Amino acid sequence: MTAPTVVVLAAGEGTRMRSAVPKMLHEICGRPMVQWPIRAAIEAGAGRVVVVGGPGGELDGALPDGVELAVQREPRGTGDAVLAAAERLEGDAPVLVVNGDTPLVTPQLLAAVLQAHTSSGAAATIATVELDDPTGYGRVVRGPDGGVEHIAETKSPGDADEAELRIREVNAGVYAFDGTRLLPALQRVQPDNAQGEYYLPDVLQVFRGDDHGVAAFPVDDPQAVLGVNDRVDLARVRALAQRRIHEAHMRAGVTIVDPDATTIDANVQLGRDTVIEPASFLRGSTRAGERCRIGPLTTIIDSALNDQVTVTHSYLLECEVHDGAKLGPFAYLRPGTVVRANAKVGTFVEVKNSDIGEGTKVPHLTYLGDADVGGQTNIGAGTITANYDGFRKHRTRIGERVHGGVDTSFVAPVEVGDDAWTAAGSAIVDDVPPGALGVARERQRNVEGYDARKRSEEEERRKG
Ligand code: UD1
Ligand code: CA
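The shown structure was predicted, so the numbers you read here are calculated from the model rather than taken from an experiment. (Residues numbered from 1 in each chain as written. Chains lettered and ligands numbered in written order. Predicted model: local features only at pLDDT ≥ 70, side-chain atom pairs only at ≥ 80, totals over all residues. Heavy atoms only, no water.)

A. Main features of the sheet that holds strand β30 (residues 371-373). Spatially, β14-β17-β20-β23-β26-β28-β30-β32-β34 is the arrangement adopted by the nine strands of the open sheet, whose pairing is parallel. Of all the strands in the sheet, the pair left with one neighbour each is β14 (269-270) and β34 (414-416). (Pairing = 2+ DSSP bridges. Helix = DSSP H or I, 4+ residues; strand = E, 2+ residues; numbered from the N terminus.)

B. Summary view of the coordination of the calcium ion (ligand 2). The coordination sphere of the calcium ion (ligand 2), as far as protein atoms go, consists of Asp101 (OD) and Asn229 (OD1), spread over 2.2 to 2.4 Å. Placement of Asp101 in the loop between β6 (95-99) and α3 (107-120) and of Asn229 in the loop between β11 (214-218) and α7 (231-251) is noted, with a sequence separation of 128 residues between them. For Asp101, a relative accessible area of 12% translates into the label buried. (Donors = N, O, S within 2.8 Å, 3.2 Å for Na, K, Ca; no water. Buried < 20%, exposed > 50% of the residue type's maximum accessible area, 1.4 Å probe, protein only.)

C. Just the environment of Gly209, in detail. The residue Gly209 is located in helix α6 (residues 202-209) in this model. Considering only alpha carbons, one finds Gly209 and Pro75, 134 residues apart in sequence, at a separation of 27 Å.

D. Structural context of the nonpolar core. Grouped together as the largest cluster of nonpolar side chains are 87 residues, with contacts concentrated most on Val51, Leu305, Leu316, Val321, Leu333 and Val339. Counting the residues that make up this core, at least three belong to each of domain 1 (5-225) and domain 2 (231-438). Ignoring any residue separated from it by four or fewer positions in sequence, one finds Leu333 in contact with Tyr315, Leu316, Leu317, Cys319, Val321, Leu327, Val339, Val345 and Val351. Ala11, Val52, Val148 and Ala185 belong to the second largest nonpolar core, which has 31 residues in total. (Core = buried A, V, L, I, M, F, W, Y, C linked by side-chain atoms within 4.5 Å. Domains from an automatic or database assignment. Contact = heavy atoms within 4.5 Å.)

E. Examining the layout of surface pockets more closely. Looking at the largest pocket, its volume works out to about 820 Å³. Around the largest pocket, the lining is made up of 36 residues, and of these Arg16, Thr78, Asn99, Asp101 and Lys155 lie nearest the centre. Going through the elements one at a time, α2 (78-84) and β10 (169-177) are the ones with two or more residues in the lining of the largest pocket. With four residues, the single largest contributor to the lining of the largest pocket is β10. (1 Å grid on protein atoms, 1.4 Å probe; cavity = no way out; pocket = protein on both sides within 12 Å on 5 of 7 lines; lining within 4 Å. Points joined across faces, edges and corners; volume = space filled by probe spheres on them.)

F. The site of ligand 1, seen in detail. Neighbouring residues of ligand 1: 25 residues in total, closest Ala11, Gln72, Gly77, Thr78 and Asn171. One nitrogen or oxygen atom from the side chain of Gln72 is found 2.7 Å from a nitrogen atom belonging to ligand 1. At a separation of 2.9 Å, an oxygen atom of ligand 1 approaches a polar side-chain atom of Asp101. In isolation ligand 1 offers 750 Å² of accessible surface; the protein chains occlude 94% of this area. (Near = heavy atom within 4 Å. Polar contact = N/O pair within 3.5 Å; in protein donor to acceptor, adjacent residues only side chain to side chain. Areas by Shrake-Rupley, 256 points an atom, 1.4 Å probe, with all protein chains shown as cover.)

Have a look at this one:
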């Protein structure tokens, strides 16, 4: 059997979203909506995937490699949208059409619709589903022979009558067509309906009139074909997509303590025996290895964690964390940060664009920006890198096995050698050689009898 061409309808205005962002670019679990049916099509073994987009180039850059884009000049309806892909439908490959706003469609469902279509020999097969609340969907009107007669649209009043509105079987927005018969039939569809649009489902009537078979493929899982028309639908679909993602991770050996309180984007990768505690958000291209413990109350975006990393109550953005490192509670790691094996970045510590060496500890109340810190170093509580001179950023280089005193400022550019020490409360503006102690503060001096002197001065004043 020739691999099908899958057409994903993704033009259309998405007016019901009430958004400046095109509907197809609204994200579901970190992926633009349009990518969901595309991935399902690829996994189902599509020969070509053609996405029909609008003329504004909204989908540029949002489509995976190898996916073709056809442009529908004006949003004149779903039938017109398929015609916009006509040039790419030549040949006798079967054509699967999927509404782009049906993001939960699975590869299994697409394959099943195609399978049913080929084995029945029909010219068209339409997936249908029974919904408790069919509001907004096209109703499947069946003839006396039980076959599909036509689809009664309901988006605008006027297309469907009272009896049709009571039908609960709806058009799921997934179709299979005979590749040679689709285009000629579509060209005969007229926009004589409430919206003045070319409705794709009207092609079924054309086929039926020509005595070509029209088959229905009943879908038993209504969730797989939920359409997204507004943001209420978007939230509903997101929750279902999220559940699928969670279940795949859990089946692969990840513990998600409270799935309802955990957000994991579609592209996130997690290793076995990693535990995700509640109120955690793993987003974008985040990866974590095995036996990590993440959360509670942790956000990790586009970051890579190796094995056995612990992150508690923390926020990580575009950083890299190696084996056995411990982060938090209340650590904030910003882009370009690398935390090497077994290092610790502790409480109320912010790190930006810095390299924290193996086994190094940054336990409390610290800001490290543009710093390179060697291994086995201890950064004292209250350490700050002054990395910005008001015009430019500079680096701080701290060697291995350094003993940083508490409340130290490193005024960059500055370099501290291996095995060096800094005295508590120092503003280190000059390099500290290896093995040396850098002291940069006033020596302490005690004023004896100060309290007594103050009191007698005060007494004098009152008398005086
Ligand atoms: C459509 C079906 C309806 C079905 C429902 C399933 C039609 C006329 N109606 O209704 O029978 O029950 O889907 O979810 O097809 N699009 C374009 N160009 C256009 C118009 C739409 O590319 O000119 C795209 C949209 O981006 C969307 C898809 O086609 O992804 C469906 O369009 P939409 O307007 O949402 O159709 P529905 O009213 O939901
Ligand atoms: Ca829709």
